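Overview (structure and organization)
Each chain, written out:
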Amino acid sequence: MIGKDIAIAALVRAFFKYYVTGALETQTGVDLQERLEPKNVKKMMLDRYERISTLFNQEAFYAISRMNYEADEIEPLLKDFATPETTDMELVRFACRTDEMYQTMVEEYKRNFMNLLAGHIETQDEHVNSYTRNPSLGEIDIEKAESIINRMATRAYELGKA
């Protein structure tokens, strides 16, 4: 078992890390070293500012739902919750299941996004020292968490390349 706070922080980080990696790899006429320069990371984030939020919410809904609900449990709850006017952000809030989980996810989103807007790609050590801790969120099976995070990383990389 692993804390859901650790899993949600890793999930958000995986999205940003692999989305940015995919996006930077698509740049042509820029050598690899220059792609990772802070000014280039900032420019890419500014160019894709609104798109990133939309893509994150769409991917996070599925991933966070898997963390907090069983498949047979979520369908009837979602049917009662969702309307044609329901936004992607509202779906993510639903997926988080509790306000506490939602706030933890929002803090991680902001932290990762702000680092990248500053041109900084966080290292693993920086992440471990900085992520939003909230052990009251409970635990998740580590293999399930790894599967969800790995899927997020793969999707984010594909979306960044697109």
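Residues numbered from 1 in each chain as written. Predicted model: local features only at pLDDT ≥ 70, side-chain atom pairs only at ≥ 80, totals over all residues. Heavy atoms only, no water.

This next bit is on the layout of surface pockets. Volume-wise, the largest pocket comes out at about 340 Å³. Only helix 1 (4-25), helix 8 (124-130) and helix 9 (142-161) provide two or more residues apiece to the lining of the largest pocket. With eight residues, helix 1 is the single largest residue contributor to the lining of the largest pocket. For the lining of the largest pocket, the residue count by class is 13 nonpolar, three polar and three charged. (1 Å grid on protein atoms, 1.4 Å probe; cavity = no way out; pocket = protein on both sides within 12 Å on 5 of 7 lines; lining within 4 Å. Points joined across faces, edges and corners; volume = space filled by probe spheres on them. Helix = DSSP H or I, 4+ residues; strand = E, 2+ residues; numbered from the N terminus. Nonpolar A, V, L, I, M, F, W, Y, C, P; charged D, E, K, R; others polar.)

Turning our attention to the packing of helix 4 (residues 49-68) against helix 9. Between helix 4 and helix 9, the shortest axis-to-axis distance is 10 Å and the interhelical angle comes to 160 degrees. Judged on the interaxial angle alone, helix 9 and helix 4 are roughly antiparallel. Two packed elements cross with a definite hand, and for helix 4 against helix 9 that hand is right-handed. Taken together, the residues of helix 9 that come into contact with helix 4 (itself represented by Arg51, Leu55, Glu59, Ala60, Tyr62, Ala63, Arg66 and Met67) are Lys144, Ser147, Ile148, Arg151, Met152, Arg155 and Leu159. (Axes fitted to C-alpha atoms, helices over the stretch in contact; angles between N-to-C directions. Parallel < 35°, antiparallel > 145°, perpendicular 65-115°, else oblique. Left-handed = near helix turned anticlockwise from the far one by under 90°. Contact = heavy atoms within 4.5 Å.)

Before going further, it helps to spend a moment on the nonpolar core. Ranked by internal contacts, the top residues of the largest apolar core, which has 45 residues, are Leu11, Phe15, Phe16, Met45, Ile52, Ile64 and Met105. Contributions of two or more residues to this core are made by helix 1, helix 3 (38-47), helix 4, helix 6 (88-96), helix 7 (99-117) and helix 9. Considering each element in turn, this core owes the most residues, eleven residues, to helix 1. Each residue touching Phe16, except ones within four places of it in the same chain, is listed here: Met45, Ile52, Tyr109, Asn112, Phe113 and Leu116. (Core = buried A, V, L, I, M, F, W, Y, C linked by side-chain atoms within 4.5 Å. Buried < 20%, exposed > 50% of the residue type's maximum accessible area, 1.4 Å probe, protein only.)

Inspection of the secondary structure puts Asn68 in helix 4. Here the side chain of Asn68 touches Ala95 through a polar contact of 2.9 Å, landing on its backbone oxygen. Those residues in contact with Asn68, other than ones at most four positions away along the chain, are Lys4, Glu73, Ala95, Cys96, Arg97 and Met101. (Polar contact = N/O pair within 3.5 Å; in protein donor to acceptor, adjacent residues only side chain to side chain.)

Looking now at the packing of aromatic side chains. Across all of its chains, the model carries eleven aromatic pairs by this definition. Here Phe16 and Phe113 contribute two aromatic rings whose centre-to-centre distance is 5.9 Å and whose plane-to-plane angle is 80 degrees, an arrangement assigned as edge-to-face. With Phe16 in helix 1 and Phe113 in helix 7, this residue pair connects regions lying 97 residues apart in the sequence. Taken individually, Phe16 and Phe113 each receive the classification buried, so the pair is uniform in this respect. Among the aromatic residues, those joined into a ring-pair cluster are Phe15, Phe16, Tyr19, Tyr49, Phe56, Tyr109 and Phe113. (Phe/Tyr/Trp six-rings, centres within 6.5 Å; stacked < 30°, edge-to-face > 60°.)

Let's shift gears to helix 6. Because each turn of an α-helix spans 3.6 residues, side chains separated by three or four positions in sequence point in the same direction. Taken together, the buried positions of helix 6 are Leu91, Val92, Phe94, Ala95 and Cys96. Residues of helix 6 that are buried in the fold lie against helix 4, helix 5 (71-81) and helix 7. Positioned one or two residues after helix 6, Arg97 has a phi angle of 75 degrees, which is positive.

Taking 1.5 Å per residue as the helical rise, helix 1 with its 22 residues ought to reach 32 Å, and the 31 Å between its terminal C-alpha atoms agrees with that figure. Among the 22 residues of helix 1, 16 are classified as buried, and the element is accordingly described as predominantly covered. (Expected span 1.5 Å × (residues − 1).)

For the pair helix 4 and helix 6, the least separation of the axes is 8 Å and the interaxial angle reads 20 degrees. With respect to their mutual orientation, helix 4 and helix 6 come out roughly parallel. Relative to helix 6, the crossing made by helix 4 is left-handed. Along the contact surface, helix 4 presents Thr54, Asn57, Gln58, Ala60, Phe61, Ile64, Ser65 and Asn68, while helix 6 presents Asp88, Met89, Leu91, Val92, Phe94, Ala95 and Cys96. When the residues that make up the contact of helix 4 with helix 6 are grouped by side-chain class, the tally is nine nonpolar, five polar and one charged.

Such coordinate-based values are descriptive only and should not be taken to indicate function.
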